[in-house]
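# Topology and contacts: notes
Letter by letter, the chains look like this.
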Amino acid sequence: MGKGSGYDVIVVGVGAMGSSACYHLARRGASVLGLERFDIPHALGSSHGYSRMIRMAYYEHPDYVPLLRRAYELWRELEGASGQQLLFEVGGVYMGPPDGHVVAGATRAARQHGLEHETLSNAALAERFPQFRLPPQFVGVYEPRAGFLLPEKVIAAQAELALRAGAELRGREEVTHWGADEGGVVVRTPKGEYRGDRLLFCGGPWTSKLVSDLGVELVVTRQVLGWVWPRAPEAFALGTFPVWGIEAADGSLSYGFPMIPDCPGLKVARHGRGPVTDPDAVSREATPADEAEVNDILLRHLPGGAGPLLSMRVCLYTNSSDGHFIIDSHPRHARVLLACGFSGHGFKFASVIGEVLADLALNGKTELPVRFLGLERFGIRT
Ligand SMILES: Cc1cc2nc3c(=O)[nH]c(=O)nc-3n(C[C@H](O)[C@H](O)[C@H](O)COP(=O)(O)OP(=O)(O)OC[C@H]3O[C@@H](n4cnc5c(N)ncnc54)[C@H](O)[C@@H]3O)c2cc1C
């Protein structure tokens, strides 16, 4: 096949992870081609909806914390390079039963990694955050460094900085075929054929369609976000209200954000697997049932937030079987790398994932601790 006069790295998908990878590769002087089937950015994948939560006391697993430390550093660097605020550290509070996976998991991660946090009793929660209505047995963990990122602005900034550093990005150009051998990689789109040394798949919900021989199942689910105008808006203002999550009886998490100007209203959602879907056939219209879910979260936990609905968005999760990310080379093609299966919690890591992918593509290894995200955990050797 041969690299020929091709690129050092071809990146498929210029969403959250792909735009970050393009930026990190280009700033190191690599020749990069990023191919995106839709616009850069767009609202048809996993990275739209004006806010994404970032937190460090990671209840999902403490092994993510070192990556998060680096992610925060890189978010601040990205702000410096792009000249705009992208990360808002407004504080975050995670609530649930004391032995539930959210409170116990966040506490474990915070203690293991010496993170600044406070344990709040039910009474302390009521005093400090009277906006919430909680069962009497619920307690909380408060983390001052938690907050949110602006996803569309992040992707735009990463893409622009990648372009300015010399990357070639092409929107509205879908990769339809690819191949790899010892000599190099090739991808085809309706507009042309491109050759390179390494291929990096950052296709989000479309990954299984692109890489059908991955050997692990990725389940795409339909998720909804809602915005309402609260009865008492001042209680949910930026600077007053934290990012928050409340564990539900089924293990899912109701969560939300303070009000931000990019999209008017108070945003709430549920983090848990929605209905299984196909990214090319998903219904992007919110239904009355979707609206009812938003209303239910408000009535149950944020009565002062309940109010007329303003907006809804449909978004996609790409779930791995254990809910953890997949960062590895392709099981049969050493030149091909994958970053997928972000399972509804990947955005906050996009900055560091781009750095990891640039390390792996250019040096074949990384100092960052990502082995726990490899395919080996599924019994697959790469
Ligand atoms: C409703 C919702 C809420 C979330 N909340 C949070 C949160 O609060 N905090 C958090 O950290 N994470 C959150 N997440 C998860 C996070 O947003 C995702 O993990 C992350 O955005 C995934 O990024 P990605 O690059 O894998 O996917 P995407 O950003 O979707 O990028 C994949 C890209 O690949 C492109 N592509 C696919 N196939 C092709 C092809 N054949 N040719 C060219 N291009 C192609 C797509 O068009 C797309 O642009 C949430 C996700 C959703 C849906």
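Values in this document were obtained by computation on a predicted structure and should not be read as measured data.

### Description of the pattern of salt bridges
- Tallying each qualifying case throughout the model produces 28 salt bridges.
- One salt bridge connects Glu193 with Arg188, and the closest N-O pair in it is separated by 3.6 Å.
- Residue Glu193 is classed as partly exposed on the basis of its relative accessible area of 42%.
- Residues Asp322 and Arg377 are paired through a salt bridge, measuring 2.6 Å at the closest nitrogen-oxygen approach. In this pair, Asp322 sits in the loop between strand 17 (309–319) and strand 18 (326–329) while Arg377 sits in the segment after helix 8 (350–363), placing the two residues 55 residues apart along the sequence.
- Through salt bridges with shared partners, a single ionic network connects Arg37, Glu174, Lys209, Asp278 and Asp280.

### Quick word on the pairing of strand 2 (residues 32–35)
- Covered by surrounding structure in strand 2 are Val32 and Gly34 together with Leu33 and Leu35, the residues of both alternating faces.
- Handedness of the strand 1 (residues 7–12)-helix 1 (residues 16–27)-strand 2 crossover: right-handed.

### Quick look at the site of the ligand
- Within the structure, the ligand sits among 35 residues, and Glu36, His42, Ser47, Met53 and Cys315 are positioned closest to it.
- At a separation of 3.4 Å, an oxygen atom of the ligand approaches a polar backbone atom of Cys202.
- At 3.1 Å, a backbone N or O of Phe347 approaches an oxygen atom of the ligand.
- Protein chains shield 97% of the accessible area of the ligand, which is 1,000 Å² for the free molecule.
- Elements with a minimum of two residues in the shell around the ligand: helix 1, strand 3 (52–54) and strand 17.
- Of the residues assigned to the shell around the ligand, the class counts are 18 nonpolar, 11 polar and 6 charged.

### Details of unusual backbone geometry
- With an omega dihedral of -10 degrees, the bond running from Ile40 to Pro41 counts as a cis peptide bond.
- Within the secondary structure layout, Pro41 lies in the loop between strand 2 and strand 3.
- Look at Arg172: it is not a glycine, yet its phi comes out positive at around 55 degrees.
- By secondary structure assignment, the location of Arg172 is in the loop between strand 9 (168–170) and strand 10 (177–181).
- On the accessibility criterion, Arg172 (58% relative accessible area) is exposed.
- A positive phi angle, near 50 degrees, is found at Ser343, a position not held by glycine.
- With respect to the secondary-structure elements, Ser343 resides in the loop between strand 19 (336–340) and helix 8.
- We classify Ser343 as buried; its relative accessible area is 6%.

### Quick word on the layout of surface pockets
- Looking at the second largest pocket, its volume works out to about 420 Å³.
- Looking at the lining of the second largest pocket residue by residue, the classes come out as 8 nonpolar, 5 polar and 6 charged.

### Concerning the nonpolar core
- Within the largest apolar cluster, 81 residues are counted, with the highest numbers of intra-cluster contacts made by Leu25, Trp75, Leu200, Ile327 and Phe349.
- Residue contacts for Leu25: discarding those within four places in its chain leaves Val9, Val11, Ala30, Val32, Leu200, Ala358, Ala361 and Leu362.
- Grouped together as the second largest cluster of nonpolar side chains are 28 residues, Tyr142, Val224, Phe241 and Trp244 included.

### What about the confidence of the model for the protein?
- Confidence in the prediction of the protein, expressed as mean pLDDT, is 97, and 99% of residues score 70 or more.
- Model confidence for the protein, summarised as mean pLDDT per element, is weakest for helix 6 (residues 207–210) at 96 and strongest for helix 1 at 99.

### So, the pairing of strand 17
- Within strand 17, 8 of the 11 residues are buried, which leaves the element mostly enclosed by the surrounding structure.
- Bridging between strand 13 (residues 219–228) and strand 17 involves 10 bridges; their strand directions are antiparallel. Paired with Gln223 across the strands is Cys315, a residue of strand 17.

### So, the environment of Gly344
- With respect to the secondary-structure elements, Gly344 resides in the loop between strand 19 and helix 8.
- Exposure remark for Gly344: the relative accessible area of 33% places this residue in the partly exposed category.
- Here the alpha-carbon distance between Gly344 and His271, two residues 73 residues apart in the chain, equals 7.4 Å.
- Non-local contacts of Gly344, meaning those with residues more than four positions away in its chain, are made with His271 and Tyr317.

Procedures and definitions
Residues numbered from 1 in each chain as written. Predicted model: local features only at pLDDT ≥ 70, side-chain atom pairs only at ≥ 80, totals over all residues. Heavy atoms only, no water. Salt bridge = Lys/Arg side-chain N within 4 Å of Asp/Glu carboxyl O. Buried < 20%, exposed > 50% of the residue type's maximum accessible area, 1.4 Å probe, protein only. Helix = DSSP H or I, 4+ residues; strand = E, 2+ residues; numbered from the N terminus. Right-handed = clockwise from strand over helix to strand, strands pointing away. Near = heavy atom within 4 Å. Polar contact = N/O pair within 3.5 Å; in protein donor to acceptor, adjacent residues only side chain to side chain. Areas by Shrake-Rupley, 256 points an atom, 1.4 Å probe, with all protein chains shown as cover. Nonpolar A, V, L, I, M, F, W, Y, C, P; charged D, E, K, R; others polar. 1 Å grid on protein atoms, 1.4 Å probe; cavity = no way out; pocket = protein on both sides within 12 Å on 5 of 7 lines; lining within 4 Å. Points joined across faces, edges and corners; volume = space filled by probe spheres on them. Core = buried A, V, L, I, M, F, W, Y, C linked by side-chain atoms within 4.5 Å. Contact = heavy atoms within 4.5 Å. pLDDT = per-residue confidence, 0-100. Pairing = 2+ DSSP bridges.

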